[in-house]
Amino acid sequence: MKYKEWKLYWKKMHWTQKWFPVFILLRPIADNFYFLKQISPFISPLYILGVLAPVLIFFSLRHHKMKSKSTTVADGFMRIWGIAVFINCLFLFIYQMDLEMLGSIIKYSTPPLLFLYARRFVHSKEDVVFLMQTFFYSCIFPFIILAFETFVHPIQPELISEGRGGGFRVHGTYSDCMNYAVYFIGAFLVYSYFFLDKVYANKSSGVKPPTFKMIGVFLICLGGIISIRHVSTWAVFIALIAWLFAFNARRLKGLIIALFLGLIIAPFFARSIYEKQIEPLLQKEISVVNGDAQVETSFNGRMSRWERYFEIWERMPVYAHFFGVSFTHFDEVPIMVGGGMHSDYVRVLFLTGMFGLLIYLVFIWSVLARRKNFRPPERYLIIASVTSIILYSVSTLPLNYIGYMQLMLPVFAFALLPKRKIYTAEFQPALNDQPA
């Protein structure tokens, strides 16, 4: 989709859809002003966007323009999990009635609402392509910050202490490096899909894959990931590269490129990157595996935190284990369902119980299972998106980064479309199309 087509696509939208791409574009800018919430939540762009999003979703879904769709089993799982989240959030607010808790509750409950909205927004491939391209445009701002930090001076250098490789981690004007990471990973995922879409285009279209642009985006994202020194992001980035090679290697030219990179170039650069970037970040885990350090120090010391709060969880009533800790009156509840857990699996377990975690994981699997309905480029998009969520959730909180969810959830909504609605009348290739 060219810029003129993207702009025309946006202009033709009803207000119930038009506000969403605006929010996607504003999010990486608003994330820079996280510190304003310490002065007053009423002047914080993050709080304003956070409160407006559920309100706009509510009124949009009530409008006749946002027609209901046929539901799938995965929709049912998300609906059940969303109800579990809302009930627990209600008890959280009863437990602690203040603005800080209200802000946290809005953040926890936004992903289920956003998915429901995305299911009404995304009717075809063109809809999700429009949203992905909007997300890619939003990444221009983080890219500019990265260029400034790389060629001028780090804006906020944060000295990394023992165990995470030393040196400096840059995170621009964001509150943490994960705010930076989601835009590098998201940009790479989006453009690699656009690349594969051209690779698998019909021969008669005469469309050539943007190989050099793909290399340029790769290098920018690689530079950003090197700068933030975040081990989870390295895991996701390497996984996405592997999936991209796997899908691109199905054509002869792509196979030659993959072999060239894998057998000639990669051994030189990969070793240097591993020794300077990845190995220092994994040093604690390597020490644990070798028996030179205690298990509690693994995951950058997060294992000790998890053990401490699981001991508290075990003292809670059985119903809290199954349906969430919010029904108890333990003082540690706000911490257990918040960002301090550093793992979405652990946080979702505490927030919605074993029942909620199971439903959430089944939903993720249900989305992945739908990949068979799609052409290879869309299969890559679905598999890569699910992979990023699964890997990030081990030691980070992707569900709490709404900017990232504004990309992931529309992709999930696209994965659940009926076969007859996946591709428009102008684009109806067979699902077993071979690459050009």
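Model, not experiment: these values are computed from the prediction.

A separate point is the overall build of the protein. Each helix and strand in the protein was counted, giving 19 helices and two strands. Expressed as a percentage of its 436 residues, the buried residues of the protein come to 51%. Nonlocal contacts in the protein, meaning residues at least 24 apart in sequence, comprise 74% of its contacts between residues at least 6 apart.

In this section: unusual backbone geometry. Phi angles above zero are rare outside glycine, and His 342 is one such case at about 55°. By the secondary structure assignment, His 342 is in the loop between α15 (333-336) and α16 (344-369). Residue classification places His 342 among the partly exposed residues on the basis of a relative accessible area of 29%.

Relative to the assigned elements, Phe 23 resides in helix α2 (residues 15-30). Distance from Phe 23 to Phe 135, taken between C-alpha atoms, is 9.9 Å for residues 112 residues apart in sequence. Sequence-distant contacts of Phe 23, that is, excluding residues within four places in its chain, are made with Leu 49, Leu 52, Ala 53, Leu 56 and Gln 406.

What follows deals with the packing of aromatic side chains. Here the structure, examined in full by the defined rule, presents 35 aromatic pairs. Relative to Tyr 117, the ring of Trp 19 has its centre 5.0 Å away and its plane inclined at 40°; by these criteria the two rings are tilted. Remark: Tyr 117 occurs in helix α5 (residues 99-121) and Trp 19 occurs in helix α2; sequence separation between them is 98 residues. Assigned by exposure class, Trp 19 and Tyr 117 land together as buried. What links up through ring pairs into an aromatic cluster is the set Tyr 3, Trp 6, Tyr 9, Phe 130 and Tyr 137. Over the aromatic face of Trp 10 sits the side chain of Lys 18, whose NZ or CZ is 4.9 Å from the ring centroid.

Once that is clear, we can look at the confidence of the model for the protein. Detailed reading of the predicted coordinates is not advisable wherever pLDDT falls low. For the protein, the mean per-residue pLDDT works out to 82, and 79% of the residues sit at or above 70. Low pLDDT, under 50, characterises residues 159-163; the predicted model gives this stretch 10 contacts beyond four residues in sequence or across chains.

Our focus in this paragraph is empty space enclosed by the protein. This structure, assessed with the given rule, holds two cavities of 30 Å³ or more. Reported here for the largest cavity is a volume of approximately 50 Å³. Residue lining of the largest cavity: Met 78, Trp 81, Pro 111, Tyr 360, Phe 363, Ile 364, Ile 389, Leu 399, Met 405, Met 408, Leu 409 and Phe 412, and that is the complete set. Going through the elements one at a time, α4 (73-95), α16 and α18 (402-415) are the ones with two or more residues in the lining of the largest cavity. No other element matches the four residues that α18 contributes to the lining of the largest cavity. Classifying every residue of the lining of the largest cavity gives 12 nonpolar, no polar and no charged.

A word on the packing of α4 against α16. Contact pair α4 / α16: the axes reach a minimum separation of 8 Å and the direction vectors enclose 165°. By the angle between their directions, the pair α4 and α16 is classed as roughly antiparallel. For the element pair α4 and α16, the recorded crossing hand is left-handed. For the pair α4 and α16, the contacting residues are Ala 74, Phe 77, Met 78, Ile 80, Trp 81, Ala 84, Val 85, Asn 88 and Leu 92 in the first and Val 348, Leu 351, Thr 352, Phe 355, Gly 356, Ile 359, Tyr 360, Val 362, Phe 363 and Ser 366 in the second. Residues of the contact of α4 with α16, tallied by class, amount to 15 nonpolar, four polar and no charged.

Okay, the nonpolar core next. Residues Met 132 and Phe 350 are the most contacted members of the largest nonpolar core, which totals 121 residues. Sort the elements by how many residues they give to this core and helix α8 (residues 177-199) lands first, with 18 residues. Not counting residues within four places of it along the chain, the set of residues in contact with Met 132 comprises Val 190, Tyr 193, Phe 194, Leu 381, Leu 407 and Val 411.

What follows deals with the pattern of salt bridges. Under the criterion given, the structure shown has seven salt bridges. A salt bridge links Asp 31 to Arg 27; the nearest nitrogen and oxygen atoms lie 3.4 Å apart. Here the two residues Asp 31 and Arg 27 agree in accessibility, since each one is buried. With a closest N to O distance of 3.1 Å, Asp 197 and Lys 125 form a salt bridge. Of the two residues, Asp 197 is situated in helix α8 and Lys 125 in helix α6 (residues 125-138); the sequence distance between them amounts to 72 residues. Each member of the pair, Asp 197 together with Lys 125, is buried. Among the charged side chains, a network of salt bridges with common partners joins Lys 125, Asp 197, Arg 375 and Glu 378.

What counts as what
Residues numbered from 1 in each chain as written. Predicted model: local features only at pLDDT ≥ 70, side-chain atom pairs only at ≥ 80, totals over all residues. Heavy atoms only, no water. Helix = DSSP H or I, 4+ residues; strand = E, 2+ residues; numbered from the N terminus. Buried < 20%, exposed > 50% of the residue type's maximum accessible area, 1.4 Å probe, protein only. Contact = heavy atoms within 4.5 Å. Phe/Tyr/Trp six-rings, centres within 6.5 Å; stacked < 30°, edge-to-face > 60°. Lys NZ or Arg CZ within 6 Å of the ring centre and 35° of its normal. pLDDT = per-residue confidence, 0-100. 1 Å grid on protein atoms, 1.4 Å probe; cavity = no way out; pocket = protein on both sides within 12 Å on 5 of 7 lines; lining within 4 Å. Points joined across faces, edges and corners; volume = space filled by probe spheres on them. Nonpolar A, V, L, I, M, F, W, Y, C, P; charged D, E, K, R; others polar. Axes fitted to C-alpha atoms, helices over the stretch in contact; angles between N-to-C directions. Parallel < 35°, antiparallel > 145°, perpendicular 65-115°, else oblique. Left-handed = near helix turned anticlockwise from the far one by under 90°. Core = buried A, V, L, I, M, F, W, Y, C linked by side-chain atoms within 4.5 Å. Salt bridge = Lys/Arg side-chain N within 4 Å of Asp/Glu carboxyl O.

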